[in-house]
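Below, each chain spelled out in residue letters.
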Amino acid sequence: HIEILPKNPDALVERALKRLGLDEPNQIVEVLPLPGAPTSFFDGRNMKIHTILKEIVDLSAIPSRSMLELFATLATEEADAIRLQDLADNLSVNSEYDKLSRGIFSIVDLLEMFPKLPVSLAQLMSHAPHIVPRTYSLANDNAKEHHEKFEIAYTTPTRWSGDQTHVGLCSGFMDSLAAGDHAW
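From a predicted model like this one, the values you see are computed outputs, not experimental measurements.

> Explain the nonpolar core to me, please; I cannot follow it from the model alone.
One broad rule of soluble globular proteins: the nonpolar side chains tend to lie buried together. In terms of nonpolar packing, the biggest core is built from 39 residues, with I52, L53, L59, F71, L84, L117 and L124 touching the most fellow members. Ignoring any residue separated from it by four or fewer positions in sequence, one finds L59 in contact with N8, L12, V13, A16, L53, S106, I107, V108 and L124.

Written out as structure tokens, the structure is:
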């Protein structure tokens, strides 16, 4: 087996930086958990903002209902709070959340959908899923001379919604690699 640790695409990171109002991506911040948030491996570490958004927070993930509920409590606009709570509560087929989650809908899309929602980097780090390694099985030739290099063959699952295309985080990451690049 081999594990690939993907990274968020630069375009998605740039969108997140813009939406969060973070204009100094190389600024180093100390990662501290928010009260009541789960602890993580990164707590207490000093990291660049860009690294957090590129390598830690899975910006491409579909927002969970618990994230929607949290964001509803943060909303300063009543209409935003009601819509976010409805997204979280309405479990019916063809609800707005159902339609969004079947299409192309990421955490960054949600943040852009609610531009007045006051979400901080710390809240995003504490409540968004973190990027995890993807495991791939390897089949190899047992001949001794074939152990220096190997190739990975994979398919790139793609979804379309209107004029938008969604490629999985790891598949898109592997597609962006050039010969000699590292996948960790």
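There is more to say, and it comes next.
> Looking at this structure, I do not really get helix 3 (residues 65-74). What am I missing?
Since the α-helix advances by 3.6 residues per turn, residues separated by three or four positions end up pointing in the same direction. Within the span of helix 3, buried status applies to M67, L68, F71, A72 and L74. All buried residues of helix 3 lie within an arc of 160° about the axis, which places them on one face of the element. Close packing links the buried residues of helix 3 with helix 4 (78-89), helix 5 (96-102), helix 6 (107-113) and helix 7 (121-127).

> I tried to follow the pattern of salt bridges on my own but got confused; where do I start?
Should their charged atoms come close, side chains of opposite charge can pair. All told, the structure shown has four salt bridges when counted by the stated rule. K54 is the salt-bridge partner of D10, the closest N and O atoms lying 2.7 Å from each other. Here D10 is found in helix 1 (residues 10-20), whereas its partner K54 is found in helix 2 (residues 49-56), with 44 residues between them in sequence. Judged by relative accessible area, which is 14%, K54 ranks as buried. Salt-bridge contacts for R15 lead to E112; the nearest nitrogen and oxygen are separated by 2.5 Å. Of this pair, R15 sits in helix 1 while E112 sits in helix 6; the two residues are 97 residues apart in sequence, bridging distant segments of the chain.

> How should I be thinking about the side chain of R19 in this particular structure?
Looking at the element boundaries, R19 is found in helix 1. The side chain of R19 is buried and forms no salt bridge, while E112, the nearest opposite charge, is found at 7.4 Å. A polar atom in the side chain of R19 sits 2.6 Å from the backbone oxygen of L111. Of the polar contacts made by the side chain of R19, one reaches the backbone oxygen of F114; its length is 2.9 Å.

Scoring rules and cut-offs
Residues numbered from 1 in each chain as written. Predicted model: local features only at pLDDT ≥ 70, side-chain atom pairs only at ≥ 80, totals over all residues. Heavy atoms only, no water. Core = buried A, V, L, I, M, F, W, Y, C linked by side-chain atoms within 4.5 Å. Buried < 20%, exposed > 50% of the residue type's maximum accessible area, 1.4 Å probe, protein only. Contact = heavy atoms within 4.5 Å. Helix = DSSP H or I, 4+ residues; strand = E, 2+ residues; numbered from the N terminus. Arc of directions from axis to C-beta. Salt bridge = Lys/Arg side-chain N within 4 Å of Asp/Glu carboxyl O. Lys, Arg positive; Asp, Glu negative; His and termini not counted. Polar contact = N/O pair within 3.5 Å; in protein donor to acceptor, adjacent residues only side chain to side chain.

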